[in-house]
Amino acid sequence: MTVAERTRRDDAVRPAPGPRRRRAGAGRPWLLLAPGLLVMGGLLLYPLVRVLVLSLQDFGLRELVSGRTDWVGLDNYVQLLGDADLWTTVLPNTILFAVVAVALTVVFGTLVALLLVRLSPVVRGVVTTAIMVAWAMPAVTGTYVWVFAFAPGDGVVVQGLDALGLVDAATANPFAGRASFFAVAALNVVHHGFPFVALTVLAGLLTIPRELTEAAIVDGAGAWRRFRSVTFPMLRPVFAVVTVLSTIWDFKVFTQIYLMPGGDGVNRGVLTLGTWSYVESFAQNRYGLGAAIAVLLTALLLVVTVAYLRLLFREDEL
Amino acid sequence: VRAALKGLGVTGVLVFTLFPVHLMIVTALNGEANAGSRTLWPDEWTLANFAYVVGDGGFGRYLANSLVVALCTVLAGALLALLAAVAVSRFRFRFRTSVLVMVLVIQMVPVEALVIPLFIQARSLQMLDTLAGLTVVYLAFSLPFAIWTLRGFVAAVPVELEEAAYLDGASWGRMFRSVLLPLVAPGLVATSVFSFIVAWNEFIFALTFMSDEQNYTVAVGLRRFFGQHATDWGAVMAASTLITIPVMVFFVIAQKRLTDGLVAGAVKG
């Protein structure tokens, strides 16, 4: 950012007091914000504090019914961090899945956007509509359809892969193995998540002046070089936003895993932090331990979010 | 070669995006789906699965529940988000940045962390198993994104237009109604679509809060068709189609405005 730009931006943040600003009392913004802040504070922030408090208690069915509290300090965390499953299964599942899903979503979404921008308006309209259709597919029904398609034995995808000689339909069960389970889940998540990336990046691509691209072509830059030196730098804020949001969404994927066969805790090899927390709480009635797992997941997300926020703050003045 | 590659790309994207929808709809219409038929093009077409789902399956009730919850979420969400968006984009005040950061950060809070305390809370407030309890939760979930998106739209309305209204003697309320509201209407459409989808599709809270079948929303009502031993896939897919089609029509109709809204929200940060 040049000095001139920076000055202009600062001016935009602190404009000279105009007539409108004098008319508006200092309390008005808070009056306008109050209802929204109340709802978000009561149903998002306060429960977050509650879950932290719960994680320090032994909270089971008895406590739920009687309303008694039984403080146990850090016992839940000691138990959680001492659990071998956490280190060998749950954390690797959660993190690897999120990283792979985000990478695939952003790369595929960007490729689709780059394709869309090169299409004639009519074809682009058709493809965009198809993308909207994929986006509109609810997570619940989408998951059921993928489960149906990958059903062992006679699911259409399993049959198709069998015809290609890649798997043996008689024995293949995509939901049994860890890698194949998460591969199906990733396919589902990418299908659901890439439309947002594609359409947002497309919107960004359309703002890049044609002259810039043409100048790069004249200079003999190839497609990859043009993307790296022109498109990507121009669209950095857009890529930052889609990556942040995809990361946040993919880390806390719950429905798509929980509804797959074995994903609801039956197959302990495919637990993620999210499903584990839910199963401990609502299937085992160990709300304290479940809360501790949820706190761990939230802390993990917080680290990711803060890292990205710093990135965003440099790009924008909010 | 270039045209062929493009054609290949377009075909690939179309197949990938439309495959699940296609499979869902043909299975819903497949007369032999409940007999174990799994195919991309059935031999026997029927509407019996839909008739069963809405009739004996009791799915009509769940559709109505979901509709009530979603519409209440949309209306309340649009109002609260608009007020908040005006506050953060039209006024400079202390802690404004803090509020914005909170709105952004709060979107990362995982539902798994909220479902435990909110379940206990709702239980003690006797709000479990009520549509109102679910609506309030969905309202909270849809607000951060709605505020974040709407704020771009409000900021895009030139301040001069507001000033002109004041010069004409309009009060702040009058200016809000007659100038700001019509101009941010496209943004409201975009955020309303999002709030609707949040409420319509939500699964984990509906699963946890609702124990009486009468109060099921569509996302959990679907589970009824999964048997202990065999799944009635024709019915599952017919019900899934009923859930999905309205959302899709909504999406495709709102397409233009929705993408505009995202651009305003995302490109402007």
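It should be emphasised that the depicted structure is a prediction, and the values quoted were computed from it without experimental measurement.

**Some thoughts on the overall build of chain B**
(1) Moving on: Counting secondary structure elements, chain B contains 13 helices and 0 strands.
(2) Moving on: Along the chain direction, N to C, the helices and strands of chain B fall in the order α-α-α-α-α-α-α-α-α-α-α-α-α.
(3) Moving on: Based on the C-alpha atoms only, the size of chain B along its principal axes is roughly 70 × 65 × 30 Å.
(4) Moving on: Taken over 269 residues, chain B has a buried fraction of 56%.
(5) Moving on: Residue pairs at least 24 apart in sequence account for 74% of intrachain contacts in chain B once pairs closer than 6 positions are excluded.
(6) Moving on: Roughly 10,900 Å² of accessible area belongs to chain B as shown, and the carbon and sulfur atoms make up 65% of that amount.
(7) Moving on: One way to put it: in chain B the 17 positive side-chain charges average out to a point 13 Å from where the 15 negative ones average out.

**With respect to the overall build of chain A**
(1) Moving on: What chain A contains, in helices and strands, is 16 helices and 0 strands.
(2) Moving on: Looking at the 318 residues of chain A, the share that counts as buried comes to 50%.
(3) Moving on: The contacts in chain A between residues at least 6 apart in sequence include a share of 67% that link residues at least 24 apart.
(4) Moving on: Of the roughly 14,600 Å² that chain A leaves accessible, carbon and sulfur atoms contribute 65%.

**Things to note about the environment of Phe196(B)**
Residue and element names in this part refer to chain B.
(1) Moving on: With respect to the helices, strands and loops of the structure, Phe 196 is situated in helix 9 (residues 185-201).
(2) Moving on: As a C-alpha pair, Phe 196 and Ser 66 span 130 residues in sequence and 9.8 Å in three-dimensional space.
(3) Moving on: The residues touching Phe 196, leaving out its near neighbours within four places in the chain, are Leu 67, Ala 70, Val 74 and Phe 250.

**Here we look at the pattern of salt bridges**
All names here are of chain A.
(1) Moving on: Per the stated rule, a full pass over the model turns up 5 salt bridges over all chains.
(2) Moving on: For Asp 85, the salt bridge goes to Arg 268, with nearest N and O atoms at 3.5 Å. Within this pair, whereas Asp 85 is found in helix 6 (residues 84-117), its partner Arg 268 is found in the loop between helix 14 (255-258) and helix 15 (273-283), the two being separated by 183 residues in sequence.
(3) Moving on: Of the residues examined, Asp 85 reaches a relative accessible area of 28% and is grouped as partly exposed.

**Here we look at empty space enclosed by the protein**
In this approach the atoms are scanned with a rolling probe the size of a water molecule, which exposes any empty space left behind.
(1) Moving on: What the rule picks out here adds up to 6 cavities of 30 Å³ or more.
(2) Moving on: Put simply, the parts of the chain that give the lining of the largest cavity at least two residues each are helix 8 (139-149), helix 10 (178-205), helix 13 (236-251) and helix 14 of chain A together with helix 5 (111-124), helix 6 (131-156) and helix 9 of chain B.
(3) Moving on: Grouping the constituent residues of the lining of the largest cavity by class yields 24 nonpolar, 10 polar and 3 charged.

**So, the interface of chain B and chain A**
(1) Moving on: On the side of chain A, 98 residues touch chain B, which itself brings 103 residues to the contact.
(2) Moving on: Across the interface of chain B and chain A, roughly 8,800 Å² is buried in total on both sides, 81% from carbon and sulfur atoms.
(3) Moving on: Broken down residue by residue, the surface that chain B buries against chain A is led by Phe16(B), Arg38(B) and Met108(B), which jointly contribute 9%.
(4) Moving on: Where chain B packs against chain A, one counts 1 salt bridge.
(5) Moving on: Between Asp154(A) and Arg38(B) there is a salt bridge; the shortest N-O distance is 3.2 Å.

**Considerations on the confidence of the model for chain B**
All names here are of chain B.
(1) Moving on: When pLDDT is averaged along chain B, the result is 87, and 94% of the positions lie at 70 or above.
(2) Moving on: Per-element confidence in chain B is highest for helix 10 (residues 204-209), whose mean pLDDT is 94, and lowest for helix 13 (residues 255-267), whose mean pLDDT is 56.
(3) Moving on: Interface predicted TM-score (ipTM) for the complex: 0.86; the corresponding pTM is 0.86.

**Some details on the packing of helix 6 of chain A against helix 13 of chain A**
In a pair of packed helices, the angle between the axes and the distance between the axes together describe the arrangement.
All names here are of chain A.
(1) Moving on: Between helix 6 and helix 13, the least distance of the axes is 9 Å, while the angle of their chain directions is 145 degrees. Here helix 6 and helix 13 pass one another in a crossing that is right-handed. For the pair helix 6 and helix 13, contact is made by Thr 94, Ile 95, Phe 97, Ala 98, Ala 101, Val 102, Thr 105, Val 106 and Thr 110 and by Phe 239, Thr 243, Ser 246, Thr 247, Asp 250 and Phe 251, respectively.
(2) Moving on: Partitioning the contact of helix 6 with helix 13 into residue classes produces 8 nonpolar, 6 polar and 1 charged.

**Things to note about the nonpolar core**
When a protein is soluble and globular, its nonpolar side chains tend to lie buried together.
(1) Moving on: Residues Phe97(A), Phe59(B), Val86(B), Phe203(B), Phe205(B) and Phe209(B) are the most contacted members of the largest nonpolar core, which totals 188 residues.
(2) Moving on: Counting residues per element, this core draws most heavily on helix 3 (residues 59-90) of chain B, at 16 residues.

**A short note on the packing of helix 7 (residues 121-136) of chain A against helix 10 of chain A**
Residues and elements named next belong to chain A.
(1) Moving on: In contact at an axis separation of 8 Å, helix 7 and helix 10 are set at 140 degrees when each is read in the N-to-C sense. In this view, helix 7 runs oblique relative to helix 10, as classed from their interaxial angle. Viewed along their axes, helix 7 and helix 10 form a crossing whose handedness is left-handed. Each of Arg 124, Thr 128, Ile 131, Met 132, Ala 134 and Trp 135 in helix 7 lies in contact with helix 10, whose residues at this interface are His 191, His 192, Phe 194, Pro 195, Phe 196, Leu 199 and Leu 202.
(2) Moving on: Of the residues belonging to the contact of helix 7 with helix 10, the class tally is 9 nonpolar, 3 polar and 1 charged.

Conventions we followed
Residues numbered from 1 in each chain as written. Chains lettered and ligands numbered in written order. Predicted model: local features only at pLDDT ≥ 70, side-chain atom pairs only at ≥ 80, totals over all residues. Heavy atoms only, no water. Helix = DSSP H or I, 4+ residues; strand = E, 2+ residues; numbered from the N terminus. Buried < 20%, exposed > 50% of the residue type's maximum accessible area, 1.4 Å probe, protein only. Contact = heavy atoms within 4.5 Å. Areas by Shrake-Rupley, 256 points an atom, 1.4 Å probe, with all protein chains shown as cover. Lys, Arg positive; Asp, Glu negative; His and termini not counted. Charge placed at Lys NZ, Arg CZ, Asp CG, Glu CD. Salt bridge = Lys/Arg side-chain N within 4 Å of Asp/Glu carboxyl O. 1 Å grid on protein atoms, 1.4 Å probe; cavity = no way out; pocket = protein on both sides within 12 Å on 5 of 7 lines; lining within 4 Å. Points joined across faces, edges and corners; volume = space filled by probe spheres on them. Nonpolar A, V, L, I, M, F, W, Y, C, P; charged D, E, K, R; others polar. Buried area = accessible area lost by both parts, 1.4 Å probe. pLDDT = per-residue confidence, 0-100. Axes fitted to C-alpha atoms, helices over the stretch in contact; angles between N-to-C directions. Left-handed = near helix turned anticlockwise from the far one by under 90°. Core = buried A, V, L, I, M, F, W, Y, C linked by side-chain atoms within 4.5 Å. Parallel < 35°, antiparallel > 145°, perpendicular 65-115°, else oblique.

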